[in-house]
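Chain by chain, the residues run as shown.
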Amino acid sequence: MESFIWIVPLMPLFGALFLGIFGHLLKEKSGIIASLTVLVSFIYSVRAFLLVREGVTFDGNLFNWIVAGNFSAGFGVLVDPLSVVMMLVVTGVGFLIHVYSIGYMHGDRGVGRYFSFLNLFIFSMLMLVMGNNLLLLYLGWEGVGLCSYLLIGFWYEKPSAAKAGLKAFLVNRVGDFGFAIGIFIIFTTIGTITYAEIFSRTEQLVAAGVVTTATLLLFMGACGKSAQFPLYIWLPDAMEGPTPVSALIHAATMVTAGVYMVARFNPLFSLSEVSMAVVVIIGLFTALFAATMALVNTDIKRVLAYSTISQLGYMFIGVGVGAYAAGIFHLMTHAFFKALLFLAAGSVMHALANETNIMKMGGLAKKIKYTAWTFILAWLAISGIPPFSGFFSKDEILAKAFAYHPAVWVFGALGALLTAFYMSRLVFLTFFGKSRVEPEVAHHIHESPYVMTVPLMILGILSVIGGFVGIPAILGGGNHFEHFLEPVFRPGLENLPGAHLSHALEYALVAASVLVALAGIGLAYLMYIKKSISAEALAAKYKGLYTLLYNKYYVDEGIEKALINPILSFSRWLWNFFDEKIIDGLVNLSARIMLLISLIFRRVQSGYVQSYAGVFVIGVLVILAYYLLA
Amino acid sequence: MDMATLLNVVTFLPLAGAVILLMIPRTETSLIRSWAFLVTVVTFLVSIPLFYYFDGSVAGMQFESVKRWIPALGATYHVGVDGISILLYMLTTFLMPLTILSSWNAISERLKEFMMAMLVLESAMLGVFISLDLVLFYLFWEAMLIPMYLLIGVWGGPRRIYAALKFVIYTMVGSVLMLVAILYLYFMYNNYTGAYTFDLIKIMSLNIPFGAQIWLFLAFALAFAIKVPMFPFHTWLPDAHVEAPTAGSVILAGVLLKMGTYGFLRFNLPLFPNAAEYFTPLIFVLAVIGILYGAWVSLVQKDVKKLVAYSSVSHLGFIMLGMFVLTVPALQGGLIQMINHGISSGALFLAVGMIYERRHSREISDFGGVTKVMPVFATFFLIICLSSLGLPGTNGFVGEFLILVGSFEVAPVFTVLATVGIIFAAAYLLWMFLRVMFGPITNEKNKALTDLTGREIAIMLPIMVMIFWIGFYPSTFLSKTETSITALIKRVNEARIAYRIENPTSPATIFTWQAGKEELKSEK
């Protein structure tokens with residue numbers, strides 16, 4: 001594997017550099033080059049996967065990155081079942097989105113720059129999932145953050161886009177602050193940052209009593225990157241970026257980095273019940289909290305953004321309750337159906353001159369058939385309808401959550417109800433019912449070109465069959481996915497109490513979650529198709545709640561008032577008053593005092609010989625007097 | 001030519017160039033420019049063998065030469081480099097050609113004098129880093145002030161006289177006390193041995209009593225703290241930077257500030273190890289205040305250049321923290337961060353200069369949307385900002401991370417506070433970048449801005465190379481310094497342990513926070 005594994009991350013890096021320099025000359029051709037580099041990475045990832053399936057893993061350094069005293073960080077990769085799954089998702093879904101982008105970004109002035117950034121993202125994401133130590137994870141982590149910043153603000157002339165990019169970067173930096181300190185603690189305690197060495201010396205961390213602190217700090221980083229409460233605030237705004245970017249970075253890959261991190265550090269997280277509980281609680285709360293905001297939002301991309309936050313919450317519930325494989329399984333199926341949802345939404349926007357308000361859509365199913373049908377497949381998948389992919393992964397998380405604590409299942413199921421409802425609302429308002437499209441837009445609604453619809457179809461197929469790799473035993477499957485990942489998660493699972501549900505209970509849970517999903521869809525059907533329940537009347541009846549949800553709980557406003565403005569006022573005070581008046585004032589004051597003293601002593605040097613002579617005589621007299629009298 | 005000779009040649013080459021410049025008529029402006037550029041480029045090129053042949057596995061001085069100078073005083077011409085000075089020496093020769101290029105069109109008045117000042121300055125700066133005799137050091141230290149004073153005072157902005165005077169007087173106040181301390185050491189050496197010498201290596205063999213160390217430390221520290229500048233001695237810096245021409249700012253930020261941190265490493269730590277230990281908590285407090293204070297004040301600046309100036313206060317705080325923590329990673333990080341700050345902040349000033357030359361404004365509110373008309377500039381500028389805020393893969397990350405990871409075991413609370421600073425570093429830089437480079441072009445004057453010229457790209461490219469070289473393969477540089485750093489730490493620690501054994505009861509540090517914590521634990 002050593003002979004080819006470095007091709008996987010380096011191909012997109014070369015693509016990024018090449019297009020960064022020549023992209024503006026190549027224009028539209030950039031997309032082809034960028035896609036090809038990712039395709040090569042994908043092919044080699046498949047090759048790596050085939051080797052890993054035979055039990056071959058690889059852990060080796062290319063060179064020593066940073067060495068100073070006892071600190072050492074290699075530039076090396078670890079290819080094991082977990083990283084190879086991530087590599088496949090990143091390069092596979094990444095490739096499809098690259099291809100889709102060729103159509104979507106056609107005619108954009110900055111297309112060369114776009115593909116350069118997109119390639120750079122794939123490189124950074126691959127370093128994130130392939131790195132064999134904490135510092136490379138951090139490198140990839142900040143690298144994807146940079147690409148996110150650049151791509152959210154891709155249309156930099158739009159102030160809202162530029163601002164959203166900055167917000168994403170800064171909120172992530174807050175999370176990374178925790179991440180960095182987590183690294184410091186781990187290094188200080190056991191003197192290494194390499195995964196293999198950390199996981200073989202976990203008992204030292206236990207002995208030092210820092211496992212909970214360290215894992216919670218790492219999780220703080222995960223909350224930033226994976227948009228968990230309270231650091232989720234950047235993700236909805238990130239929708240300012242081009243839609244394929246939302247699909248790739250803000251749905252399928254980058255935002256799942258936090259889940260990957262917790263799964264990767266399962267030997268550590270599983271040692272702290274507190275940390276695991278915090279992961280579950282934050283995940284559960286975020287899953288519900290974000291879902292409520294999706295209920296009333298009218299922007300197709302923002303609904304999907306809240307949905308992403310919510311689904312990430314489910315993944316954290318998974319890895320938090322110790323269902324690591326289920327969490328990663330959901331990460332993968334979510335990558336398929338959520339990437340599809342975003343790309344299809346992009347196709348809708350493409351048809352409607354960039355309209356994103358679902359109140360100005362409706363009845364599109366007949367006009368843009370491929371888009372509508374693929375969107376519907378993804379909708380069924382995310383709603384948890386069997387046998388679509390999301391059903392298996394979500395169901396497995398919920399089953400394990402029940403074993404952890406039934407209350408988690410109850411709230412999780414409630415979230416699933418909300419999910420099914422808001423997704424159905426989105427589908428019904430967009431594709432069904434009467435058209436509410438503005439007349440000047442309506443007459444040139446058109447289906448997107450094949451370069452965009454073919455990736456949709458491939459993702460559609462994956463959204464349907466993607467779950468079959470992990471069908472649990474009680475539903476007659478072998479759960480190959482879990483078995484494949486088992487070596488990575490064994491240390492974590494060994495630290496946790498094994499909980500088993502009876503078959504009867506498991507069947508009951510499966511049935512319940514299917515019913516919940518159907519209930520959500522049914523309710524939306526009544527409200528938005530049959531109109532037997534009026535959405536407007538409901539909104540009017542619970543006006544307070546509706547306003548609260550519609551305004552996203554005023555969290556952004558609160559942060560601005562309570563945090564950002566005070567910091568800025570304080571900084572202004574520091575500068576204008578403390579620095580310029582006090583500190584510099586003292587400096588200038590001391591200079592003035594010297595000046596004043598000089599002015600006084602200047603009089604001594606008057607230039608009059610008689611006064612010098614006078615002082616001289618007095619001096620002589622004083623000295624004489626001293627000697628005579630003493 | 002042996003390397004010791006080469007070291008002398010490189011150091012005085014710019015000065016010789018300045019002398020020859022005297023003979024070029026002042027009307028031959030392009031010849032003057034080309035000559036100055038040629039001299040600095042050649043200086044850089046011939047300094048490369050010094051770096052290449054520098055043996056990283058040796059702790060002591062290399063390429064040493066000792067010549068008679070003022071035997072009556074005991075002052076010798078003693079020069080040499082070790083791991084602590086070699087990188088700073090190289091940084092100086094690296095930055096100079098870039099600053100000359102940046103002054104190509106910016107300076108038109110008194111061009112000849114300007115270039116002479118630059119060349120003299122280079123020799124003086126190089127001299128500071130290689131001097132191993134206290135008189136020689138002091139001579140170069142003061143000699144450097146004169147051309148810098150002229151650079152700010154003659155070619156500066158509207159408040160240049162105020163800024164130049166403030167800079168010179170402030171620095172002098174510090175260095176006068178240092179001179180007193182140097183004389184004290186001189187007489188003390190005589191007391192012990194009967195000989196008179198200013199030779200640093202010889203003086204380092206003295207075992208200075210604790211009481212004297214305290215005062216000597218303070219005298220040296222004041223000179224260096226002003227230069228760094230450490231909070232609260234920093235207010236000369238924004239004034240000097242805002243008024244100085246681009247080249248002056250680059251040298252000021254890139255090299256002159258490092259002389260402060262270099263001084264701490266070269267003198268304060270090895271000569272006064274016990275006093276250094278005693279004041280460590282105070283240094284930590286001031287360093288962390290500097291980090292946060294500099295970052296917060298940068299956040300609300302309206303002038304880009306002033307923003308970069310205040311950001312230096314923040315960045316240098318990291319270096320001070322790393323140096324006094326005295327672990328190998330932190331000190332290695334501090335040393336490499338000196339180089340990084342020289343490159344990144346120097347580059348930020350160069351970038352600001354490029355945009356100032358076009359618009360004659362540095363007010364953030366005068367800009368917006370510049371990316372659209374200057375995409376090449378935007379790319380360079382963004383990379384420089386990212387390196388300054390310490391993005392992994394750039395040079396800034398390597399230094400900052402090593403400092404923090406190395407500091408954590410010694411001073412966890414200070415490290416956590418310092419880490420808060422990296423959040424704000426991203427905030428002030430990228431917020432500034434947003435307002436200058438992104439958004440629609442709101443000011444008509446910005447629509448006609450032209451992108452970088454070939455000359456300007458030539459300035460940026462070497463900087464890009466260094467940003468990513470250090471970012472991805474810092475071993476080239478770290479391997480040259482590690483042995484010297486380890487030896488320094490060993491020396492300081494041995495002195496501390498010896499002192500501890502002799503005086504078990506006296507307080508180790510100025511604040512007893514750490515000792516206090518242990519007492520609390522034992523009480524429980």
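This structure is a prediction, so every number in the text was calculated from the model and none was measured.

Caption draft 1: Layout of the overall build of chain A. Secondary structure assignment for chain A yields 27 helices and 2 strands. A total of 630 residues make up chain A; the buried ones form 58% of that total. For chain A, long-range pairs separated by at least 24 residues make up 81% of all intrachain contacts whose partners lie at least 6 apart in sequence. Counting every atom, chain A has about 24,600 Å² of accessible surface; 70% of that belongs to carbon and sulfur. Positive and negative charge centroids in chain A, built from 37 and 32 side chains respectively, lie 10 Å apart.

Caption draft 2: How the structure looks around helix 9 (residues 211–225) of chain A. All names here are of chain A. Look at helix 9: 21 Å from first C-alpha to last across 15 residues, which is about the 21 Å you get at 1.5 Å a residue. Of all 15 residues in helix 9, 11 are buried; the element is thus mostly enclosed. Those residues of helix 9 lying buried are Val 211, Ala 214, Thr 215, Leu 217, Leu 218, Phe 219, Gly 221, Ala 222, Cys 223, Gly 224 and Lys 225. At the exit of helix 9 stands Ala 227, carrying a positive phi of roughly 55°.

Caption draft 3: View of the interface of chain B and chain A. The interface of chain B with chain A comprises 60 residues on the first partner and 50 residues on the second. A combined buried area of about 4,800 Å² lies between chain B and chain A, and 76% of that area is made up of carbon and sulfur atoms. Counting the surface chain B buries against chain A, the share from its top three residues, Val 300, Phe 401 and Phe 472 of chain B, is 12%. Between Lys 166 of chain B and Asp 584 of chain A there is a salt bridge, with its nearest N and O atoms 2.6 Å apart. Where chain B packs against chain A, one counts 14 residue pairs in polar contact (both at pLDDT 80 or more). No other element matches helix 18 (residues 412–437) of chain B, which puts 14 residues into the side of chain B that touches chain A. Broken down by class, the residue content of the side of chain B that touches chain A amounts to 42 nonpolar, 12 polar and 6 charged.

Caption draft 4: Representation of the pattern of salt bridges in the model. Residues and elements named next belong to chain A. Going through the model one piece at a time under the given rule, you end up with 23 salt bridges over all chains. Here Glu 197 ties to Arg 201 by a salt bridge, and the two come within 3.5 Å at their closest N and O atoms. Look at Glu 197 and you get partly exposed, because its relative accessible area is 33%. Linking Lys 360 and Glu 438 is a salt bridge whose minimum nitrogen-to-oxygen distance equals 3.4 Å. Of this pair, Lys 360 sits in the loop between helix 16 (324–351) and helix 17 (369–383) while Glu 438 sits in the loop between helix 19 (406–431) and helix 20 (439–442); the two residues are 78 residues apart in sequence, bridging distant segments of the chain. Under the relative-accessibility criterion, Glu 438 is labelled partly exposed at 28%. Connected through shared salt-bridge partners, Lys 167, Asp 237, Arg 302 and Asp 556 make up one network.

Caption draft 5: Structural view of the pairing of strand 2 (residues 71–79) of chain A. Residues and elements named next belong to chain A. When you tally the buried positions in strand 2, you get 8 out of 9 residues, the bulk of the element. Of the strand pairs in this sheet, strand 1 (residues 58–68) and strand 2 are connected by 9 bridges, and their pairing is antiparallel. Paired with Val 67 across the strands is Ser 72, a residue of strand 2. Hairpin connection of strand 1 to strand 2: 2 residues between the antiparallel strands, including Gly 69 at a positive phi of 60°.

Caption draft 6: Here's a closer look at the side chain of Asn 268 of chain B. Examined against the element boundaries, Asn 268 of chain B turns out to sit in helix 11 (residues 246–271). Excluding residues within four positions of it along the chain, Asn 268 of chain B makes contact with Phe 217, Phe 220, Ala 221, Phe 224, Gly 263, Pro 273 and Ala 276 of chain B.

Caption draft 7: Seen up close, unusual backbone geometry. The omega torsion across Val 228 of chain B and Pro 229 of chain B is -15°, close enough to zero to call that bond cis. Positionally, Pro 229 of chain B belongs in the loop between helix 9 (210–227) and helix 10 (236–243). In this model, Phe 231 of chain B is joined to Pro 232 of chain B through a cis peptide bond whose omega is 0°. Of note in the backbone geometry, Lys 27 of chain A takes a positive phi value of approximately 50° without being a glycine.

Caption draft 8: Spotlight on the environment of Ser 102 of chain B. All names here are of chain B. Counting through the fold element by element, Ser 102 comes out in helix 3 (residues 83–102). Using a relative accessible area of 6% as the deciding quantity, one classes Ser 102 as buried. Residues Ser 102 and Thr 246, 144 residues apart in the sequence, show an inter-C-alpha distance of 7.3 Å. If we skip the residues at most four places from it in the chain, Ser 102 touches Thr 246, Ala 247, Leu 350, Glu 357, Arg 455 and Ile 459. One polar contact links the side chain of Ser 102 to the main-chain carbonyl oxygen of Thr 99, over a distance of 2.8 Å.

Caption draft 9: Geometry of the packing of helix 11 of chain B against helix 13 (residues 304–325) of chain B. Residue and element names in this part refer to chain B. At a minimum axis separation of 11 Å, helix 11 and helix 13 run at an interaxial angle of 20°. The angle between helix 11 and helix 13 places the two elements in the roughly parallel class. Crossing of helix 11 against helix 13: the hand is right-handed. Residue-level contacts link Thr 246, Ser 249, Leu 257, Lys 258, Thr 261, Phe 264, Leu 265 and Leu 269 of helix 11 to Lys 305, Ser 312, Leu 316, Ile 319, Met 320, Met 323 and Phe 324 of helix 13. Partitioning the contact of helix 11 with helix 13 into residue classes produces 9 nonpolar, 4 polar and 2 charged.

Reading guide: rules and limits
Residues numbered from 1 in each chain as written. Chains lettered and ligands numbered in written order. Predicted model: local features only at pLDDT ≥ 70, side-chain atom pairs only at ≥ 80, totals over all residues. Heavy atoms only, no water. Helix = DSSP H or I, 4+ residues; strand = E, 2+ residues; numbered from the N terminus. Buried < 20%, exposed > 50% of the residue type's maximum accessible area, 1.4 Å probe, protein only. Contact = heavy atoms within 4.5 Å. Areas by Shrake-Rupley, 256 points an atom, 1.4 Å probe, with all protein chains shown as cover. Lys, Arg positive; Asp, Glu negative; His and termini not counted. Charge placed at Lys NZ, Arg CZ, Asp CG, Glu CD. Expected span 1.5 Å × (residues − 1). Buried area = accessible area lost by both parts, 1.4 Å probe. Salt bridge = Lys/Arg side-chain N within 4 Å of Asp/Glu carboxyl O. Polar contact = N/O pair within 3.5 Å; in protein donor to acceptor, adjacent residues only side chain to side chain. Nonpolar A, V, L, I, M, F, W, Y, C, P; charged D, E, K, R; others polar. Pairing = 2+ DSSP bridges. Axes fitted to C-alpha atoms, helices over the stretch in contact; angles between N-to-C directions. Parallel < 35°, antiparallel > 145°, perpendicular 65-115°, else oblique. Left-handed = near helix turned anticlockwise from the far one by under 90°.

Taken by themselves, the reported measurements are silent on function.
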